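# Survey of secondary and tertiary structure
One letter stands for each residue in the lines below.
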Amino acid sequence: MRQSVMGVAICFLLVFVFPLCAQNEGYRDYATPQIRSGKLERPQHLRSYVIEGKLRLSLRDAVVLTLENNSEVRVRETQVESSKFSLLGAHGPFDPVLSSVDNINSTTSPPYTFLQGTGSSNVNFKSTTKSIQFNYSQMFESGTTFLGGFNTFINSSNSSFFLFNPYTASTLNFQLTQPLLRNGWFAANRAPLVIARRNLQQSRAAFVAEVNNNILQAVNQYWAVVQARGNLEVAQESMAAAESTYKRDKRALELGALPPLDIYRSESQVASRRVLVIQSEYALRQAEDALRLTIGADQDPYFQALDLDLTERPEPGDELRAIDAASALQTALTKRPEFEAAQAALARDETQIRLARNHLLPQLDLLALYASNGVGGRTGIDTIGQPLSSSWLNQMFGFGYPTYEAQLTLSLPLKNRAAKAEMGSALVSRRSDLYNQRYIREQVTLDVTNAVHQLEQAKLSVAAGKEALDLAQKTMAAEQRKYELGSGTIFFVLEAQTELASAQQSLLQSEVGYQMALASVDHATGELLEPYHVQIAELTH
């Protein structure tokens, strides 16, 4: 008898448990090795850029390293991962559940009626019951709940009135429950899944929008290092010119060709320009440290100690880029990830409204049950004294002793304030997201307009800077020539040197500003993301 029960139990395991375990393997599709690890990986791919003891980077290299190693990017990436697990959790109500109960109960009591079959008031009534239950339940996206169960009871006692002693009573039942109004059919039950998918879509789009900002930050920091290095070179050249002038004046003073008081002017210029060199050196260090932080080089002492060798030059090409504001705005409206996030939020709101409307309905459930019964035992005696035997297993699977049940349950909430509050919150959320979508459009329009104006200003600044540098170089050459011929003074030479250095720095600033303005236009239109789709796709897999 026990072997028969175990055989039925094994059938349940083969039919229900193994598919359940196979579904649980999907967890590994969500929990990547990086998520399961309790440690952070070291900066990736930095060693590939170490050349001749320096970290040699192009602009693209700096952006790729930012996407791979930047801690801020990685923190925001975890928000996408959390949304993935929220989507996994939204499938929870549809997960099958297998439960089992194995129970044994033994009772000894004095008899209190002849029907207990002990035959005497001096003989105690003894009964032992063993029960085994297996139940499988699952809800489907249609709202239908299926419950399949196998129950068996094995009873033995000292009663003489049982046909079989011990006897086994078993039931195989199947039950379906279908909500007809509230929580009925596909729309209501799929709503949490749809909401979770929209949240994941919104989370990914919001992450890409933040990545767009991080790329612009990396680009600006790259050009900031280029500008700081150029300013240092200009300051060093200016100091070298001042030192050369000072040496010449000092020699003239020794020969008596220069009044003693005139030497202080050139000596003062050397000192002040040395201060500018020191300031430029520290400004360069600060800019480089900021770039190292962005690309993740500060996470390893070895890479943090390396000098940066940036290969990009700020000088624009012969033809400066022209941008049409209207075309740029149309591009932004199709490529900026903020719009995708806003659309996902509105789609989620509509689903929440439909779900809240469903929760306002009455509860009307239809239940249908079918069960097959079987009773059996090893020995028994009929009314004429002949031995009896019966197989509960054959009876149960022969389906000759069925049970049918149908039930209709109606529940009418008198106030249902929770559902009304849910509906109100969903409506408010939709209105808020509508305003947010309009605000995003206004902000993107402003971003594009400002970026285009900034680019036009940068183009004019580059042209003016080149002209100013050309005039400063000519003035410097003229003043130096006049001074050598004795018709000029050291004051005008030193002033021309200062103006030349200022013109060089202004041109450098204009050229770097032009490069940053280009990046701002691409950021405003969403095209800054285009070259890095592969890296971003790996982050939002």
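This text gives an overview of the structure that appears in the document. (Residues numbered from 1 in each chain as written. Predicted model: local features only at pLDDT ≥ 70, side-chain atom pairs only at ≥ 80, totals over all residues. Heavy atoms only, no water.)

Throughout the structure, instances matching the rule amount to 24 salt bridges. R336 is paired through a salt bridge with D447; the nearest N and O atoms lie 3.7 Å apart. Residue R336 is found in the loop between α9 (325-335) and α10 (337-359), and its partner D447 is found in helix α12 (residues 417-485); the two are separated by 111 residues along the sequence. On the accessibility criterion, R336 (6% relative accessible area) is buried. One salt bridge in this structure joins R348 and D349, with 3.8 Å as the shortest N-O distance. Judged by relative accessible area, R348 falls into the buried class, the value being 13%. Residue D349 is classed as buried on the basis of its relative accessible area of 0%. When salt bridges with common partners are traced through the structure, they connect R321, K335, D522, E527 and E530 into a single cluster. (Salt bridge = Lys/Arg side-chain N within 4 Å of Asp/Glu carboxyl O. Helix = DSSP H or I, 4+ residues; strand = E, 2+ residues; numbered from the N terminus. Buried < 20%, exposed > 50% of the residue type's maximum accessible area, 1.4 Å probe, protein only.)

A few words now on unusual backbone geometry. Excluding glycine, a negative phi dihedral is what most residues carry, and trans is how most peptide bonds are arranged. Located in the positive-phi region is N183, a residue other than glycine, with phi close to 60°. With respect to the element layout, N183 can be found in the loop between β6 (167-179) and α6 (185-254). For N183, a relative accessible area of 28% gives the class partly exposed. Even without being glycine, W185 reaches a positive phi, approximately 70°.

The interhelical angle for the contact between α10 and α12, taken along N-to-C directions, is 165°, at an axis separation of 9 Å. The orientation of α10 relative to α12 falls into the category roughly antiparallel. For the crossing formed where α10 meets α12, the hand is left-handed. Of the residues belonging to the contact of α10 with α12, the class tally is 14 nonpolar, five polar and nine charged. (Axes fitted to C-alpha atoms, helices over the stretch in contact; angles between N-to-C directions. Parallel < 35°, antiparallel > 145°, perpendicular 65-115°, else oblique. Left-handed = near helix turned anticlockwise from the far one by under 90°. Nonpolar A, V, L, I, M, F, W, Y, C, P; charged D, E, K, R; others polar.)

Our next topic: the nonpolar core. Soluble, globular proteins show a tendency: their nonpolar side chains are buried together. Grouped together as the largest cluster of nonpolar side chains are 51 residues, with contacts concentrated most on L55, L57, I215, Y222, W223, I295 and L310. Elements with a contribution of two residues or more to this core: β2 (54-57), α4 (59-69), α5 (71-90), α6, α7 (263-295), β7 (307-310), α13 (490-525) and α14 (533-539). Looking at this core element by element, the count peaks at 17 residues for α6. Setting aside chain neighbours within four positions, we find W223 in contact with L59, E312, R313, P314, V512, Q515 and M516. (Core = buried A, V, L, I, M, F, W, Y, C linked by side-chain atoms within 4.5 Å. Contact = heavy atoms within 4.5 Å.)

Note on helix geometry: an α-helix contains 3.6 residues per turn, so any two residues three or four positions apart are oriented the same way. The terminal C-alpha atoms of α6 lie 104 Å apart, and with 70 residues this matches the ideal 104 Å at 1.5 Å per residue to within 8%. Where α6 bends most, at A191, the angle is about 45°, and the proline P192 comes one to four residues later. Immediately beyond the C-terminal end of α6, within one or two residues, lies G256, with a positive phi of roughly 85°. (Expected span 1.5 Å × (residues − 1). Bend = angle between axes of the 7 residues up to and from the residue.)

One open sheet holds the three strands; their spatial order is β1-β2-β7, and the pairing between them is mixed. The sheet terminates laterally at β1 (50-51) and β7, the two strands that pair on one side only. Pairing geometry for β1 and β2, over two bridges, is antiparallel. Looking at the pairing, V50 lines up with L55 of β2. Seen against the sheet, α6 touches β2 and β7 and runs at an angle of roughly 95° to β7. (Pairing = 2+ DSSP bridges.)

Under the criterion given, the structure shown has six aromatic pairs. Arranged with centres 6.4 Å apart and planes meeting at 25°, the rings of F146 and F174 form a pair that is stacked. With F146 in strand β5 (residues 145-157) and F174 in strand β6, the pair connects residues that are 28 residues apart, well separated along the chain. Residue F146 is classed as buried on the basis of its relative accessible area, which comes to 18%. With relative accessibility at 36%, the residue F174 sits in the partly exposed group. Site record: aromatic cluster; members linked through ring pairs are Y136, F146 and F174. Positioned above the aromatic ring of Y282, the side-chain terminus of R285 is 4.9 Å from the ring centre. (Phe/Tyr/Trp six-rings, centres within 6.5 Å; stacked < 30°, edge-to-face > 60°. Lys NZ or Arg CZ within 6 Å of the ring centre and 35° of its normal.)

Okay, the environment of L98 next. Structurally, L98 is set in strand β3 (residues 97-109). On a C-alpha basis, the gap between L98 and Y136 in space is 4.6 Å, while along the polypeptide they are 38 residues apart.

Turning our attention to α5. For α5, which comprises 20 residues, the first-to-last C-alpha distance of 29 Å matches the rise-based estimate of 28 Å (1.5 Å per residue) to within 8%. With a side-chain oxygen lying 3.0 Å from the backbone nitrogen of E72, the N-terminal cap of α5 falls on N70. (Polar contact = N/O pair within 3.5 Å; in protein donor to acceptor, adjacent residues only side chain to side chain.)

Next up on the list: the sheet that holds β5. Taking strand neighbours across the sheet as the criterion, the six strands line up as β3-β4-β5-β6-β8-β9 in an open arrangement whose pairing is antiparallel. Where the open sheet ends on each side, the last strands, each with one partner, are β3 and β9 (402-411). Strand-to-strand twist in this sheet, taken as the mean axis angle between neighbours without regard to direction, amounts to 15°. As paired elements, β5 and β6 share eleven bridges and run antiparallel to each other. Across the sheet, residue T145 finds its bridge partner in β6, namely T177.

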